[in-house]
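Analysis of the macromolecular model
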Amino acid sequence: MAAIASRRWIGRTGFVVEAPMRVQGREAPVELVRDESETLTQFAYRSIRNDIIRGVREPGERLRIDRLKQIYDIGPTPIREALQKLNAEQLVLSEGNRGFTVAPLDAEEFRDLNVARTEVELAALRLSMEHGDSAWESRVVAASYIMNKEDAAIAALDSVPDSWERANAAFHTAMVDACGSNWLLRTRETLQDLCERYRRASVRSHRGERDLAGEHAAIAEAVLAREVDRACQLTRFHFDLTARNLDVAMPSGRKASARR
């Protein structure tokens with residue numbers, strides 16, 4: 001049976017929606033707050049998108065509107081409009097009269113995404129090392145410290161916690177946030193979001209085979225030393241290894257079958 005999300009009023013700020021997150025056979029609560037400026041369609045879009053990226057809504061899962069109404073406690077029209085927006089982002093597939101499904105994970109697509117993501121990342125990284133000041137260096141050091149703690153903790157876990165994902169995102173963002181180009185950073189953010197659900201699958205399946213702490217530490221060291229070529233080489237290797245690990249876990253062209 002589908003788990004039903006709970007809903008409670010929290011004053012004038014909106015609703016807190018608690019949805020289940022399935023990680024390696026377990027469920028953990030996730031809370032999203034509806035901002036008072038958000039429409040129901042925007043909130044439905046953000047909630048479903050978040051669950052797709054995190055793997056709560058599994059690849060190939062059939063997204064029945066009547067079931068989503070129960071999970072998110074939102075009416076059918078905002079749900080349908082949210083699914084159409086997600087279809088435009090290719091996170092959801094439209095099957096005509098059969099409705100919507102979560103887009104499957106496809107190793108070939110991730111390789112393509114990883115090419116674009118890597119080139120954008122390296123362009124921003126070069127600029128960031130060129131323009132970064134002492135305040136930027138402090139952010140890199142702080143993000144590296146938190147990343148090291150999360151890398152050490154993940155070795156003892158059987159899943160990839162959200163705290164590691166947040167630390168990983170913050171670590172790589174700190175490396176490039178002095179690039180001075182808002183367009184580069186926005187493009188990078190979009191690609192990072194699209195890559196996240198693939199990255200979770202790759203890290204989860206090959207976590208014990210990688211020295212994530214060593215990879216991150218080496219990148220940070222090269223960045224702080226302003227060794228541009230070495231930092232870019234290490235970052236490219238780091239991203240490529242994630243893509244190669246997903247290839248092993250999921251052969252190219254594999255499509256998850258829709259759950260009925």
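Refer to the structure printed above.
Values in this document were obtained by computation on a predicted structure and should not be read as measured data.

1. Here we look at the packing of helix α5 (residues 134-154) against helix α8 (residues 212-224)
In contact at an axis separation of 9 Å, α5 and α8 are set at 170° when each is read in the N-to-C sense. Comparing their axes, α8 and α5 come out roughly antiparallel. Contacts between α5 and α8 involve W136, E137, V140, V141, S144, M147, N148 and D151 from the former and L212, A213, H216, A220, V223 and L224 from the latter. Classifying every residue of the contact of α5 with α8 gives 9 nonpolar, 3 polar and 2 charged.

2. Observations concerning the sheet that holds strand β4 (residues 62-63)
Across the sheet, 3 strands lie side by side as β4-β6-β5; this open sheet has antiparallel pairing. The strands lining the two open edges of the sheet, one partner per strand, are β4 and β5 (92-94). Inspection of the sheet shows β4 paired to strand β6 (residues 100-102) by 2 bridges, in the antiparallel sense. Looking across to β6, one finds that R62 is bridged to T101.

3. Focus on empty space enclosed by the protein
Applying the stated criterion across every chain yields a total of 3 cavities of 30 Å³ or more. Considering the residues around the largest cavity, the lining is formed by 11 residues, among which W164, N168, R199, H238 and T242 are closest to the centre. Only α6 (162-176), α7 (182-206) and α9 (228-249) provide two or more residues apiece to the lining of the largest cavity. When the residues that make up the lining of the largest cavity are grouped by side-chain class, the tally is 4 nonpolar, 4 polar and 3 charged.

4. Points about the packing of aromatic side chains
In total, this model carries 1 aromatic pair according to the counting rule given. Arranged with centres 5.0 Å apart and planes meeting at 5°, the rings of F110 and Y198 form a pair that is stacked. Taken as a pair, F110 in helix α4 (residues 107-131) and Y198 in helix α7 lie far apart in primary sequence, 88 residues in all. A single burial state applies to F110 and to Y198, both of which are buried. The ring of F239 has R117 lying over it, and the distance from NZ or CZ to the ring centre is 3.7 Å. In this arrangement the basic side chain of R186 is found over the ring face of W183, its NZ or CZ atom lying 4.4 Å from the centre.

5. Focus: the environment of L93
The topology assignment puts L93 in strand β5. The class of L93 is partly exposed, set by a relative accessible area of 36%. With 10 residues separating them along the chain, L93 and L83 place their C-alpha atoms 8.7 Å apart. In contact with L93, not counting residues within four places along its chain, are N87, G99, F100, T101, A103 and P104.

Rules of the game
Residues numbered from 1 in each chain as written. Predicted model: local features only at pLDDT ≥ 70, side-chain atom pairs only at ≥ 80, totals over all residues. Heavy atoms only, no water. Axes fitted to C-alpha atoms, helices over the stretch in contact; angles between N-to-C directions. Helix = DSSP H or I, 4+ residues; strand = E, 2+ residues; numbered from the N terminus. Parallel < 35°, antiparallel > 145°, perpendicular 65-115°, else oblique. Contact = heavy atoms within 4.5 Å. Nonpolar A, V, L, I, M, F, W, Y, C, P; charged D, E, K, R; others polar. Pairing = 2+ DSSP bridges. 1 Å grid on protein atoms, 1.4 Å probe; cavity = no way out; pocket = protein on both sides within 12 Å on 5 of 7 lines; lining within 4 Å. Points joined across faces, edges and corners; volume = space filled by probe spheres on them. Phe/Tyr/Trp six-rings, centres within 6.5 Å; stacked < 30°, edge-to-face > 60°. Buried < 20%, exposed > 50% of the residue type's maximum accessible area, 1.4 Å probe, protein only. Lys NZ or Arg CZ within 6 Å of the ring centre and 35° of its normal.

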